[in-house]
Structures are given as structure tokens and as C-alpha cells.
Amino acid sequence: MASHIVGYPRMGPKRELKFALESFWDGKSTAEDLEKVATDLRASIWKQMADAGIKYIPSNTFSYYDQVLDTTAMLGAVPERYSWTGGEIGFDTYFSMARGNATVPAMEMTKWFDTNYHFIVPELGPNTKFSYSSHKAVNEYKEAKALGVDTVPVLIGPVSYLLLSKPAKGVEKGFPLLSLLSSILPVYKEVIAELKAAGASWIQFDEPTLVLDLDAHKLAAFSAAYTELESALSGLNVLVETYFADVPAESFKTLTSLSSVTAYGFDLVRGTQTVELIKSGFPAGKYLFAGVVDGRNIWADDLAASLSTLQALEAVVGKDKLVVSTSCSLMHTAVDLVNETKLDSEIKSWLAFAAQKVVEVDALAKALAGQKDEAYFAANAAAQASRRSSPRVTNEEVQKAAAALKGSDHRRATNVSARLDAQQRKLNLPVLPTTTIGSFPQTVELRRVRREYKAKKISEEEYVSAIKEEISKVVKLQEELDIDVLVHGEPERNDMVEYFGEQLSGFAFTANGWVQSYGSRCVKPPIIYGDVSRPNPMTVFWSKTAQSMTSRPMKGMLTGPVTILNWSFVRNDQPRFETCYQIALAIKKEVEDLEAAGIQVIQIDEAALREGLPLRKAEHAFYLDWAVHSFRITNCEIKDTTQIHTHMCYSNFNDIIHSIINMDADVITIENSRSDEKLLSVFREGVKYGAGIGPGVYDIHSPRIPSTEEIADRINKMLAVLDTNILWVNPDCGLKTRKYTEVKPALTNMVSAAKLIRTQLASAK
């Protein structure tokens, strides 16, 4: 009985790749140094899977930045602005596309389906020239083979690659990206030929777009692509892998009728309906890669339940054609539970990180083959039972409060325009008010103070004094820059979700549970294992302290319930919306305490609202309904004069703009510059927005410093579609990851641009 892993985390158990990348980018180490770290990481991953007994081990799932960008490099689809002249694509061009450089901006970054991972969006057009320009897939296959591991090379499938792309700048918006299929397939054929020559016997194409709602024309592209590749693929076993949701019936039919394909991979954790499709018509003689072990969450698999699912599938497809797999790549989960020395043993017994999931997959495969490890299965059953009955999981008071929410939609009593008038009388802000999103640079010194306080090397008194000093610096700097609505800079916070989770009950935390978000950036999602409540105020002390240092309005900074939910590993024993309502009630208490402490502007960030949107349209309305409702719960009972802001980033908002309006925030700040001001097209198309809005005027994910003219030009573009009295001027996102040498000049130019336009508007009157 065979086992398979769709993909594996690349950062390393202790974030080795992150540190190697950042050292290389800072010029502190060489390309050879970076490559050595990467080679060692890959070798240890392959060895680990081989030792665990996995039969189908993936290669080419490692990446220096992003797997979609790797495909862009493979195809030589480098946008002109990077002045690439051909040949094998090196780090210089590759990292310029990912991060921008001194002269040109990076490519757009957006969410990988409904995960918190970001991919680099290919920019294509009728004039894009494709050529085989990165031999990474073949090199990594050979590298594993030299170590004695025969792997399954993984490529992003040609159709998904095109469907995830966007028309390049200057190319018509409606340009049919699938028309490029015949131009990219020759490169795929070259790659396949080289893999065959190198000795590969299997190849995996990831085609996750098959789980989306695709029309007949898009489905036809899959048939066309794999028919065209058929002769190149002959002699190879071909696996097409899908994940993150059910495959719709029509797509299932298209997929399972591809004659060049030997095996199909399905996510049976998120795609529970797919089991029925398999039972009612799986092609004879083909392999089923059954994704029963969850690649998106950190809970130990319920082995008994998975085994019975697998036994039912075995009866359909046959013993020798069933392969036990993960539901998707394990890159969305933490790396290894072995590195968690601080988690208590009860909670730890409920968990499995990537390394443990590899063992689970193998144990299930062996059990199916009649070699069941009884002790392993018994320990798993005991852990499942302990989780179900643990008193730590349930809080009746919280359950009751959340149940009582049904039946009201929790709106503020007054409409937004009346509230904005009341707020303006109180805050007295200029036209085009300036603000930032919340965080200021986290210096080495600051991280050291937090680390030492956590390790009890400095007293609480010393810690509080150091943080107050940092807040004071940030407040002074903003006053010098003449920013209108200030922030305290969040020096006391490690991460916008972790910080709150640490102060809420029902959450557990890891020491090394890092997950890649983009490039070298990793997040450490908290684990929501039980009912959520807020024992004490969380931010009031710091917000009050910061407000006492200035006469300008100081924003209270909170993370919203949907974002806390979407950026955590969430309990899987109750519906997600129930957990979200519990978090909303906890944040509501905090909002009310901030208001009582005299904070007049409160920002409740919902950066991840769009990210949680289900992949299938039929499920959108239900999700948006409870997500937006959760946000409104947090601030439904505060005064008209208290201004509620929210912030969202890196997503395509155009399709949910009505839900955003329905959140009923007073002001929304929103990422806008990297996605080429896509957001503004919503307003050009006639959507009326009456609340305050701040589409970001510059990209903080790049070290580039925009000029005053560039920002003024952006503001003017916004004024073409938005009313002057609702427009705010702000960066795209928080400034935590930037250096002060970048932040000061960029904010100086931002304020100058706002003042310049104010002057122009005044003289035009």
C-alpha cells in the first residue's frame, strides 16, 4: 500500500531558509552560502520522508520565494521592466521580480486561494515570449536521485498557471490568458523530456484551479493541454493533484477523462463531497491519491475515521490503485512538533505538525496493507477521546453568550454619514487626513527587549519603561512629520494575532510553529483549541499611555475577529463561525473599554476577511454574512463620536465590495498600490461608497521610497473617483518590516503630497 506527500514546508524547522535569504539580501552572505542552506534543507526533507516509508516523495516543492514565481522563471516569462536578456534566470532577476529593486517595483503578490500564503502573480500578454529558462525542476530531481531518493517532480500545471496570471500592464484587461496555452506547452514538453531523460517515472501537475467554478471554455483548456502533452508524457505516470475544496462534478468528469493522466489527487478533508463523486464513477485502472490527512491544520488525524474512509475507497478503486496522501501541501502547517518544548503535554497529544503528518500518512498506508501499528492507533484514539472530553475545551458561559447573538444584526444606531459629521466636529481633521496603518519599524533593540522580558531577564518595570520610551519616540516622530491621526507604533506586539491570542483564553502557542506567509516572512499562528473569552483588557494601558503623550487623536489598534480566526489554527470540532462569534464578543469588550478610556479612534483590522472567502461561489453568501456580522458585533454599541476604522490588505476586494460596505465601518484603509490600483476600478464602475476610505498610496512591502510627485499623482487618481471629503491618505500596510531610513522619507513625502493637493484643492475653490 503506497503513501504520498503533496508538498512540504521549505523554511526549515528553525526557519533556516528565512535567515539565509535575509542574510543574502543584506549582502552579508554569498549566493553559494544561500544555496548550501537550501541544499541541506532539501536533503533532510527527502531523507525524512524516505525514512518514514513514503513511496511518492515530491521534489521541486522547495522554493527560494514562491512556487508560482519558479514557474514564471521556468517559462522565461520575465516582465520587460527587469531588463532580463535571456539565459538561465539567476537570483538577481528572480529576486527583483519578487521584491523589486532600486529602480523598478516588484510583481503583484496575492493570496494563494484561501490560505495565508502569498504568491507572485505572473504578468502576461500577447507579446510575452516563453523560453525554457530555469532548470530547477530537473536539477532538484537529479539532486535527490544522487542521494538515493527517487522523487516525483512537481510542476504547477499549465492551465492553473495561466488562470492564476493577470494581463501585464498595458495589455487589455479582457485579454484571454488561456490563449497563451499553445505558447507555454512547448516549454513544458522540454521540461518533461529532460525529467524523463533523468530517469523520472512519475510527474505531478498541481492543478488546484480545478476546484473553482469553471465554465466549459476553461474546462476545455484542461482537455486541450493534456491531449497536447500526451506524446511527451508517454512512458511516465502522471498525477494531477487538486486541493482546498471539492472538485465540481463537471470538472471531475473533465479531469477523470484525461487519457494521458494515470492518477488523480483529491483533498478529502475540505472536499467531503468528492468521495461521493469517486464512488459514483472513478475510471477503472487509474490511481486515486486520497488526501485524508489535513495539510491545512495542526490537529492529529483521527486515524480510525480516515482508515474507514480509505477502506470504503479501496472497495471502489481496488487495493493496488489507492494511495494515501495529504489533503494538500504541508507548507500550510508548522514543521515539527519535536521543537515544541513549552506546549503542555495534553494539548501536544492532540497535535501533528508536518513531520508527524508524514508518519500518519505512512501509518494509514501500512494499516490498509494489513500491517496496522496497534499501539500507534491506540495512542491516537486516546488523544482524540481526551480532546473531546477535556474541560479546558468548553466554557458554558461563552457558549451561551455566542448562542444569544442569533436574531440581531448588531448595527450601530445611526447611519455612517451622520456619524462622520459627529466625528468631524469632535476630531476637527483637515481635508485628506493622513494616518498610518498601525505598526512602526520593529528594531533589533525592540525585539531584544521583548525577548529578554519573555525570558524573565529584565523586570516588568524595565520592560514597561523601554516600551513607553519607544512609544514616545514614535509619537514625536509622527508629530514632527505632521501626521493627523497617530498610532502608538505597536512596540509591545510580536504579531497582530499572536499578541491578542496570548491574552485570550482558549488559545495555545508554539515556540517554533512557523508557517511561510511570503518570501522569507513567516507567521506563527496561535492554536484555538477551546471556547474563547477575554479575561482582562489587552491594549487599554498602552493606548491610554500613548494618548497622554499627544493632543492629536491616537488610534486604538485591534485585530478583528475574522482575522484572528483566519490567521490561527482553528479547532475543527465546531463550525468556524461559532468560534468567530466568540472572538467577536471578546473584541467587543476591548472596544468598549478603549472608548471608556477616552480613545476616540479605534481601528479593528480585518486584513484576512477576503482570504476566508470559500472558493466556490455557492458558499460565499453564508461566509460573508457571518464574517461581516462578527465585525459589526465588535462595535455595535459605541457612541457616534467614536470613529471605527478597519484595514484590509492583499486581496481582490472588487467582488466583495458590497460586504465591505455592509461592515459599516466609519473609515476603511485598504491595500491598493501593488495591485495596480485595481481597487479604484470598483468606484469607476459606479459603486457608491459613503464612508471614509484610504486606498494605500505606497507599497510598504518594497524598500523603494516613493517621491512626493508619485504619491500626489496617486491621490489625484483617487480623487477622480472618490469624494474629497471621504478620502484618507495612508501607506498600504503597517510599517513593522521596514527600516526607519525608509519610513521617514516615505512618510515625509506622503504628508507633503497630501498638503500639496490640499493647497491645489483650496485654490481651485
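Residues numbered from 1 in each chain as written. Predicted model: local features only at pLDDT ≥ 70, side-chain atom pairs only at ≥ 80, totals over all residues. Heavy atoms only, no water.

Here the UniProt feature "binding site: Zn(2+) 2" (unreviewed entry) sits at His-658. Looking at the secondary structure, you find His-658 in helix α25 (residues 657-662). Given a relative accessible area of 59%, His-658 falls into the exposed group. (UniProt positions renumbered as here; feature names shortened; annotations may be inferred. Helix = DSSP H or I, 4+ residues; strand = E, 2+ residues; numbered from the N terminus. Buried < 20%, exposed > 50% of the residue type's maximum accessible area, 1.4 Å probe, protein only.)

Counting 103 residues, the largest nonpolar core has Trp-112, Tyr-161 and Phe-266 as the members making the most contacts within it. With residues near it in sequence (within four places) discarded, Phe-266 still touches Glu-241, Thr-242, Val-247, Phe-252, Leu-255, Thr-274, Ile-278, Phe-282, Leu-288, Phe-289, Ala-290 and Gly-291. Listed in part, the 102 residues of the second largest apolar core include Ile-458, Leu-486, Val-487 and Phe-683. (Core = buried A, V, L, I, M, F, W, Y, C linked by side-chain atoms within 4.5 Å. Contact = heavy atoms within 4.5 Å.)

Looking now at the sheet that holds strand β18 (residues 569-570). Hydrogen bonding along the main chain pairs the strands of a sheet, whether they run parallel or antiparallel. With mixed pairing, 3 strands are arranged side by side in an open sheet as β13-β16-β18. Edge positions in the sheet fall to β13 (505-508) and β18, since each has one partner strand and no second. The pairing of β13 with strand β16 (residues 527-533) spans 3 bridges and is classified as antiparallel. Within β16, the residue paired with Ala-508 across the bridge is Ile-527. Contacting β16 and β18, helix α23 (residues 576-596) runs over the sheet at an angle of about 50° to β16. (Pairing = 2+ DSSP bridges. Axes fitted to C-alpha atoms, helices over the stretch in contact; angles between N-to-C directions.)

Another point: the domain arrangement of the protein. Assigned domains of the protein: these are domain 1 (1-387) and domain 2 (428-491 + 670-764). Counting residues at the interface gives 11 residues for domain 1 and 11 residues for domain 2. Interface of domain 1 and domain 2: buried area, both sides summed, is about 790 Å²; carbon and sulfur atoms make up 41% of it. By the criterion of area lost to domain 2, the three top residues of domain 1 are Arg-99, Glu-108 and Met-109, representing 44% of everything that side buries. Counting every contact that joins domain 1 to domain 2 gives 0 salt bridges. Where domain 1 packs against domain 2, one counts 0 residue pairs in polar contact (both at pLDDT 80 or more). Residues of the side of domain 1 that touches domain 2, tallied by class, amount to 5 nonpolar, 1 polar and 5 charged. (Domains from an automatic or database assignment. Buried area = accessible area lost by both parts, 1.4 Å probe. Salt bridge = Lys/Arg side-chain N within 4 Å of Asp/Glu carboxyl O. Polar contact = N/O pair within 3.5 Å; in protein donor to acceptor, adjacent residues only side chain to side chain. Nonpolar A, V, L, I, M, F, W, Y, C, P; charged D, E, K, R; others polar.)

Of note in the backbone geometry, Asn-428 takes a positive phi value of approximately 55° without being a glycine. Among the secondary structure elements, Asn-428 is positioned in the loop between α17 (416-427) and α18 (444-454).

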